[in-house]
Amino acid sequence: MNTEQLQENNDTADGQPVIEIINMHKWFGDFHVLKDINLRVMPQEKIVVCGPSGSGKSTVIRCINRLEEHQRGKIIVNGTELSRDLKNIEKVRAEVGMVFQHFNLFPHLTIVENLSLGPIWVRKMPKKEAEDLAMHYLEIVRIPEQAKKYPGQISGGQQQRVAIARSLCMKPKIMLFDEPTSALDPEMIKEVLDVMVNLAEEGMTMIVVTHEMGFAKTVADRVIFMDYGEIVEENEPNEFFDNPQHERTQLFLSQIL
Amino acid sequence: MSTNSEVADIKPPAINVGVLGWVRSHLFNGALNTIATIVVLLVGMKFIPQFIQWAFIDSVWFTSGKECHEATGACWSVVTQNIRFNVFGYYPYEHQWRPLVAMIILVSMLVYSRDWKKWNRRLGYIWLVALFVMGLLMKGGLFGLVSVESTKWSGLPLTLLLSFFGILASYPLGVALALGRQSTMPVIKAFSVVYIELIRGVPLITMLFMSSVMFPLFLPEGVTIDKVLRAQVAIIIFTAAYVAEVVRGGLQAMDQGQYEAAESLGLNYFQKMRLIILPQALKIVIPPTVGVLISAFKDTSLVVIIALYDILNTTKSILNVPEWTGFSTEAYIFVASIYFVFCFSMSQYSRYVESELEYKAEEK
């Protein structure tokens with residue numbers, strides 16, 4: 001990975017949070033899914049979000065690139081406030097990479113086409129250059145030999161690595177991971193986590209929703225625990241795991257560890 | 001493993017392979033299948049020889065209608081003696097080479113363009129030129145070609161014209177309506193829903209009537225719009241509504257994750273639809289789409305109701321001539337085979353497209 005470039009990207013926003021969520025609320029119909037969420041993410045910070053299912057943790061990161069709309073409060077990403085303005089939304093999305101639980105690769109396109117699509121159409125990059133870029137990132141996720149195949153022809157772990165590479169091709173400033181290993185067979189989880197650890201070491205700003213507590217311990221700068229749509233506890237990983245303050249956190253940790 | 005070589009060499013029982021195996025597994029596979037096979041055989045034995053006797057042995061081919069009435073077999077003369085009127089209708093007799101050439105150009109262009117790997121800008125220009133030449137041949141009025149009113153256009157050229165432009169224009173319109181129906185913009189959504197439901201609630205015949213009888217009443221005096229064009233527009237509007245519903249089915253079958261992945265890359269609405277959603281959604285609905293388009297092709301025969309003479313109507317006119325009354329079976333077999341050739345080609349082409357678009361997911 002091109003460390004200097006990442007550094008450079010992040011330097012511009014130094015001292016300023018790249019993501020700022022202020023008093024954000026969200027409802028699905030009448031159901032209050034997110035309650036008064038406040039979060040500041042600094043450049044190069046790695047944040048792991050955990051919590052029981054239905055706690056709203058996926059919804060939070062989906063709000064950050066506006067796959068979900070929030071109804072109250074503010075979300076400012078890389079200096080742009082998310083509103084109904086489509087231009088702003090597209091601008092934010094181009095800077096924020098997203099990796100999904102179910103990969104969501106485009107099945108009708110080859111791997112290399114999956115990767116080069118964003119750079120070609122959003123970044124207006126010449127096709128040849130975009131394909132070179134795609135190959136570069138396929139090498140980083142260690143599957144350049146699969147470039148000409150279709151997503152349906154490779155394993156789940158490989159698909160998820162391709163999905164990560166697809167996001168990286170957009171040279172994002174922030175990467176969001178929505179339970180990236182939950183849909184994978186156990187033997188494939190490691191290959192995906194390895195890629196994510198490398199990415200973290202290169203200095204990428206990351207928000208990861210995951211139940212992989214090993215990953216949280218080694219990589220995260222902060223761990224956030226959510227329950228019933230609220231941020232219950234927020235701490236650096238050692239404190240979080242060894243000395244959880246809140247009762248609900250203690251219960252959750254006792255169940256999964 | 002050498003001890004097993006004898007076992008390895010044993011062939012499957014003769015009853016399971018070869019002709020015998022095929023017959024057993026396909027024709028006499030269980031009691032029901034066996035009964036079906038026997039019934040079909042018996043019926044075939046009764047009717048096929050009779051049909052061959054009638055159609056080929058006792059038939060007459062190039063006679064007058066009078067001799068036909070005396071023959072015991074089929075009277076193919078009703079087709080051969082009237083072929084030019086049947087195919088070209090009221091198009092001026094001495095100029096009928098013009099629609100013939102136009103049809104040959106159309107069919108050749110379609111056959112040539114069947115492989116979309118050849119689709120490029122150049123082919124687009126060739127199509128524009130071809131369409132212009134076809135229009136010129138049909139309409140005339142330039143380069144010394146005698147002008148022929150569109151009211152005289154009839155027979156197979158009219159059928160092909162209405163079908164070709166009907167299908168060509170209704171497909172993109174239908175896709176646009178399907179997208180409109182899913183739109184988050186209330187005005188566009190409402191328009192699409194009203195359009196689709198309104199048109200689907202009305203028979204094509206009514207649409208043709210309205211385009212032919214009612215629509216001109218709304219035009220200012222002195223303004224007339226070509227009757228063929230009005231029928232054409234009615235067919236396009238009608239078919240588009242059906243295409244739209246089929247395409248909507250494809251859009252609904254799409255995984256929400258595909259929309260989200262496209263959006264999270266920063267693609268705008270048109271890029272997302274064009275590059276990600278439509279290629280997949282349209283592929284899913286190829287079979288029902290082709291069904292709708294084949295229907296549209298056959299439904300062009302309804303223009304008889306507004307006194308346009310497509311190939312079915314020219315056939316009817318021939319059968320109204322006293323000399324040829326009573327030979328409707330032969331005449332309709334001929335027309336049916338023309339319809340069949342076109343519809344079957346469309347159906348085969350759709351299967352080819354479908355197999356070409358497979359993602360080859362199984363070929364590891």
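Here, the structure is the one placed above.
Small disclaimer: the values here were computed from a predicted structure and weren't measured.

*Asks:* Any chance you could explain the side chain of Asn313(B) here in plain terms?
*Replies:* Residues and elements named next belong to chain B. Position of Asn313 relative to the elements: it lies in helix H16 (residues 311-320). A relative accessible area of 9% places Asn313 in the buried class. Discounting residues that sit within four places of it in the chain, Asn313 has contacts with Val304 and Leu308.

*Asks:* What is the right way to read the nonpolar core from this model?
*Replies:* Nonpolar side chains in soluble globular proteins tend to end up buried together. Ile19(A), Ile21(A), Val77(A), Leu251(B) and Ile276(B) are the most contacted members of the largest nonpolar core, which has 79 residues in total. Considering each element in turn, this core owes the most residues, twelve residues, to helix H12 (residues 227-253) of chain B. Leu251(B) has contacts with Ala178(B), Leu179(B), Gln182(B), Tyr259(B), Ile277(B), Leu278(B) and Ala281(B), leaving out every residue within four places of it along the chain. Grouped together as the second largest cluster of nonpolar side chains are 50 residues, Ala165(A), Leu168(A), Met188(A) and Met206(A) included.

*Asks:* Any chance you could explain the sheet that holds strand E9 (residues 222-227) of chain A here in plain terms?
*Replies:* Residues and elements named next belong to chain A. The strand order across the open sheet built from six strands is E6-E7-E8-E3-E9-E10, with neighbouring strands paired in mixed fashion. The open sheet has two free edges, formed respectively by strand E6 (96-99) and strand E10 (230-235), since each of these has just one partner strand. Each strand of the sheet is rotated relative to its neighbour by a mean of 20°, with strand direction disregarded. Here strand E3 (residues 46-50) pairs with E9 via four bridges, running parallel.

*Asks:* So what exactly am I meant to see when it comes to the sheet that holds strand E1 (residues 19-28) of chain A here?
*Replies:* By way of backbone hydrogen bonds, the strands of a sheet pair with one another, either parallel or antiparallel. Residues and elements named next belong to chain A. Strand order in the open sheet made by the four strands is E2-E1-E4-E5, with antiparallel pairing throughout. Single-partner strands in this sheet number two, and they are strand E2 (31-41) and strand E5 (80-81). Strand direction decides the pairing type here: E1 and E2, joined by seven bridges, are antiparallel. Bridge pairing in E2 places Ile19 opposite Val41.

*Asks:* For this particular structure, what's the right way to read a nonpolar patch on the surface?
*Replies:* Among the surface-exposed residues, Ile48(B), Phe51(B), Ile52(B), Phe56(B), Ile57(B), Trp61(B), Phe62(B) and Ile333(B) lie close enough to one another that they form a single nonpolar patch of about 830 Å² accessible area. In terms of residue count, helix H3 (residues 31-57) of chain B provides more of the nonpolar patch than any other element does, five residues in total.

*Asks:* How do you make sense of the packing of helix H15 (residues 286-299) of chain B against helix H17 (residues 328-356) of chain B when you look at a structure like this?
*Replies:* Two measures define how a pair of helices packs: the angle their axes make with one another and the distance between the axes. Residue and element names in this part refer to chain B. Following both chains from N to C, one finds H15 and H17 inclined at 165°, their axes separated by 10 Å at the closest point. The pairing of H15 with H17 is recorded here as roughly antiparallel in orientation. In terms of crossing hand, the pair formed by H15 and H17 is right-handed. Where H15 approaches H17, its residues Ile286, Pro287, Val290, Leu293, Ile294, Phe297 and Lys298 are matched on the opposing element by Tyr339, Phe342, Cys343, Met346, Ser347, Ser350, Val353 and Glu354.

*Asks:* Could you clarify how one ought to interpret the side chain of Glu260(B) in this entry?
*Replies:* When you line up the elements, Glu260(B) lands in helix H13 (residues 256-264). The contacts of Glu260(B), once residues within four sequence positions are left out, are Arg62(A), Leu67(A) and Phe100(A).

*Asks:* Any chance you could explain the packing of H12(B) against helix H14 (residues 269-284) of chain B here in plain terms?
*Replies:* All names here are of chain B. Orientation of H12 relative to H14, taken along the N-to-C sense of each, is 120°, at an axis distance of 8 Å. Judged by the twist between their axes, the crossing of H12 over H14 is right-handed. The segment H12 lies against H14, with Val247, Gly250, Leu251 and Ala253 engaging Ile277, Leu278, Ala281, Leu282 and Ile284. Across the contact of H12 with H14, the residue classes tally to eight nonpolar, one polar and no charged.

*Asks:* I tried to follow the state of the cysteines on my own but got confused; where do I start?
*Replies:* A covalent bond bridging the sulfur atoms of two cysteines is what the word disulfide describes. Tallying each qualifying case throughout the model produces zero disulfides over all chains. Free cysteine: Cys50(A), not disulfide-bonded; nearest cysteine sulfur from Cys63(A) at 18 Å.

*Asks:* Help me out: how do you make sense of the pairing of E3(A) in this one?
*Replies:* Side chains on a regular strand alternate between the two faces of the sheet. Residue and element names in this part refer to chain A. Summarising burial for E3: five of the five residues are buried, a large majority. Burial of E3 is two-sided: the residues Lys46, Val48 and Cys50 facing one way and the residues Ile47 and Val49 facing the other way are all buried. As paired strands, E3 and strand E8 (residues 205-209) are joined by four bridges and run parallel to one another. Bridging across to E8, Val48 finds its partner in Val208.

*Asks:* Looking at this model, I keep getting lost on the environment of Ser83(A). Mind explaining?
*Replies:* Residues and elements named next belong to chain A. One can find Ser83 in the loop between E5 and helix H3 (86-95). According to the relative accessible area criterion, Ser83 is partly exposed, its value standing at 30%. Distance from Ser83 to Gln71, taken between C-alpha atoms, is 9.8 Å for residues twelve residues apart in sequence. Residue contacts for Ser83: discarding those within four places in its chain leaves Arg66, Asn88 and Ile89.

*Asks:* Just to check I follow, could you spell out the pattern of salt bridges for this structure?
*Replies:* Residues and elements named next belong to chain A. Scanning the model with the defined rule gives 23 salt bridges over all chains in all. Its salt-bridge partner being Glu45, residue Arg222 comes within 2.8 Å of it at the nearest N-O pair. You can see Arg222 sitting in strand E9 and its partner Glu45 sitting in the loop between E2 and E3, a full 177 residues away along the chain. For the residue pair Arg222 and Glu45, the accessibility class agrees, reading buried in each case. The shortest N-O distance in the salt bridge between Glu230 and Arg248 comes to 3.7 Å.

Criteria and cut-off values
- Residues numbered from 1 in each chain as written.
- Chains lettered and ligands numbered in written order.
- Predicted model: local features only at pLDDT ≥ 70, side-chain atom pairs only at ≥ 80, totals over all residues.
- Heavy atoms only, no water.
- Helix = DSSP H or I, 4+ residues; strand = E, 2+ residues; numbered from the N terminus.
- Buried < 20%, exposed > 50% of the residue type's maximum accessible area, 1.4 Å probe, protein only.
- Contact = heavy atoms within 4.5 Å.
- Core = buried A, V, L, I, M, F, W, Y, C linked by side-chain atoms within 4.5 Å.
- Pairing = 2+ DSSP bridges.
- Axes fitted to C-alpha atoms, helices over the stretch in contact; angles between N-to-C directions.
- Patch = residues over 30% accessible without salt bridge, like charges linked within 9 Å, V, L, I, M, F, W, Y side chains within 5 Å.
- Areas by Shrake-Rupley, 256 points an atom, 1.4 Å probe, with all protein chains shown as cover.
- Salt bridge = Lys/Arg side-chain N within 4 Å of Asp/Glu carboxyl O.
- Parallel < 35°, antiparallel > 145°, perpendicular 65-115°, else oblique.
- Left-handed = near helix turned anticlockwise from the far one by under 90°.
- Nonpolar A, V, L, I, M, F, W, Y, C, P; charged D, E, K, R; others polar.
- Disulfide = S-S within 2.5 Å.

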